[in-house]
Amino acid sequence: MKLLILVSLLMIAPPEEGLKIGGKAPDFTLQDVDGKVYQLSKLKQPLILLIFGNRRTRKEADRWAEEVKKEFRKPIEEGKLAALQVGDVTSKPFFISRSFVIWWLKRNRTPLPMLLDWDGEVFKAYKVPKKKPMIYIVKGGRIEWKLASKFDKGEFEKLRAKLRELLGRDEKLRRSK
């Protein structure tokens, strides 16, 4: 009977989405729509926010990015926070060229720099779900926080609180040195 209950609970519980908190963040090198190269391990900001999306979740990912850009403009400008969108471009129709995608994205800019994952390897490494945006906060090469969700004010409050906590903690450490 106990085994049956355990098996039932395992079947009901949804699988955890994304990478484990505290785990190593997979390094990657991607270009944005302007050709600028970003390598995760070479970014100088102490906190890195990654918003993953694809063409089906673009509007939701953009809503997350708009709010982040509005709320955390100052830490981004001061180099305390890198905030980036990562786009899965594998879902583009085969007959649409890369140059057209880049041209279209330049004309329809995302709120934050858009890094292009042409082969989907970064999305696989970060275990991003297909039907909703995935957000990670990376600090010191480790996953500090994550969320897989469509945009929601309550969920944004969780992200805001975590970023404020981490930014505040870094500021306190700098002042004590």
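Residues numbered from 1 in each chain as written. Predicted model: local features only at pLDDT ≥ 70, side-chain atom pairs only at ≥ 80, totals over all residues. Heavy atoms only, no water.

Asker: Explain the overall build of the protein chain residue by residue, including any values.
Answerer: Scanning the protein chain for helices and strands turns up 6 helices and 7 strands. Each helix (α) and strand (β) of the protein chain, taken in turn from the N terminus, gives the series α-β-β-β-α-α-β-α-β-α-β-β-α. Classification of the 177 residues of the protein chain by burial places 42% in the buried group. Counting contacts in the protein chain only where the partners sit at least 6 residues apart, residues at least 24 apart contribute 74% of the total. (Helix = DSSP H or I, 4+ residues; strand = E, 2+ residues; numbered from the N terminus. Buried < 20%, exposed > 50% of the residue type's maximum accessible area, 1.4 Å probe, protein only. Contact = heavy atoms within 4.5 Å.)

Asker: Provide a residue-level description of the pairing of strand E4 (residues 81-88), including the pertinent values.
Answerer: The buried fraction of E4 is high, at 8 of 8 residues. Here E4 shows no split at all, with Leu81, Ala83, Gln85 and Gly87 on one side and Ala82, Leu84, Val86 and Asp88 on the other all buried. As defined by bridge partners, strand E3 (residues 47-54) adjoins E4 across 8 bridges and the pair is classed as parallel. Paired with Leu49 across the two strands is Ala83, which belongs to E4. (Pairing = 2+ DSSP bridges.)

Asker: Can you explain the pattern of salt bridges? Please cite residues and give values.
Answerer: Following the criterion strictly, the structure yields 12 salt bridges and no others. Between Asp34 and Arg109 there is a salt bridge whose closest N-O contact spans 2.9 Å. Of this pair, Asp34 sits in the loop between strand E1 (29-32) and strand E2 (37-39) while Arg109 sits in the loop between helix H4 (98-107) and strand E5 (114-117); the two residues are 75 residues apart in sequence, bridging distant segments of the chain. A salt bridge links Asp62 to Arg58; the shortest N-O distance between them is 2.8 Å. Taken together, the residues span about one helical turn, with Asp62 and Arg58 both in helix H2 (residues 58-71) at a distance of 4 residues. Looking at Asp62, the relative accessible area reads 11%, which means it is buried. (Salt bridge = Lys/Arg side-chain N within 4 Å of Asp/Glu carboxyl O.)

Asker: Which residues make up the packing of aromatic side chains, and what are the values?
Answerer: Summed over the entire model, instances satisfying the criterion amount to 10 aromatic pairs. When the ring of Trp64 is compared with that of Phe151, the centres are 5.1 Å apart and the planes differ by 75°; the resulting orientation is edge-to-face. Of this pair, Trp64 sits in helix H2 while Phe151 sits in the loop between strand E7 (142-148) and helix H6 (153-176), and the two are 87 residues apart along the sequence. Across the pair, exposure class does not vary: Trp64 and Phe151 are buried alike. Note on Phe94 and Phe95: the rings are 5.5 Å apart at their centroids and 85° apart in plane angle, and the pair reads as edge-to-face. Given a relative accessible area of 78%, Phe94 falls into the exposed group. By relative accessible area, Phe95 is classed as exposed at 61%. (Phe/Tyr/Trp six-rings, centres within 6.5 Å; stacked < 30°, edge-to-face > 60°.)

Asker: Talk me through the side chain of Thr110; I want residue IDs and the actual numbers.
Answerer: Looking at the secondary structure, you find Thr110 in the loop between H4 and E5. When its relative accessible area of 11% is taken as the criterion, Thr110 is described as buried.

Asker: So what about the nonpolar core? Which residues, and what values?
Answerer: Judged by nonpolar contacts, the single largest core of 22 residues is most densely connected at Phe28, Leu50, Phe52 and Tyr126. Look past the residues within four positions of Leu50 in its chain and what remains in contact with it is Phe28, Leu40, Leu84, Val86, Tyr126, Met134, Ile135, Tyr136 and Val138. Residues Ala61, Ala65, Leu81 and Ile135 belong to the second largest nonpolar core, which totals 21 residues. (Core = buried A, V, L, I, M, F, W, Y, C linked by side-chain atoms within 4.5 Å.)

Asker: Got a sec to walk through the sheet that holds E2? Specific residues and values, please.
Answerer: Spatially, E2-E1-E5-E4-E3-E6-E7 is the arrangement adopted by the 7 strands of the open sheet, whose pairing is mixed. The sheet is open, and its two edges are formed by E2 and E7, each paired on a single side. Taken over all neighbouring pairs, the strand axes of this sheet differ in orientation by 30° on average, direction set aside. (Axes fitted to C-alpha atoms, helices over the stretch in contact; angles between N-to-C directions.)

Asker: Tell me about the side chain of Lys146, and name the residues and values.
Answerer: By the secondary structure assignment, Lys146 is in strand E7. One polar contact links the side chain of Lys146 to the main-chain carbonyl oxygen of Leu19, over a distance of 2.7 Å. (Polar contact = N/O pair within 3.5 Å; in protein donor to acceptor, adjacent residues only side chain to side chain.)

Asker: Run through the environment of Ala61, naming residues and quoting values.
Answerer: Within the secondary structure, Ala61 sits in helix H2. Accessibility expressed as a relative area gives 3% for Ala61, which makes it buried. Considering only alpha carbons, one finds Ala61 and Ile51, 10 residues apart in sequence, at a separation of 6.5 Å. If near-sequence neighbours (up to four positions away) are discounted, Ala61 is found in contact with Ile51, Phe52, Gly53, Gln85 and Pro133.

This is a description of form; function is not addressed.
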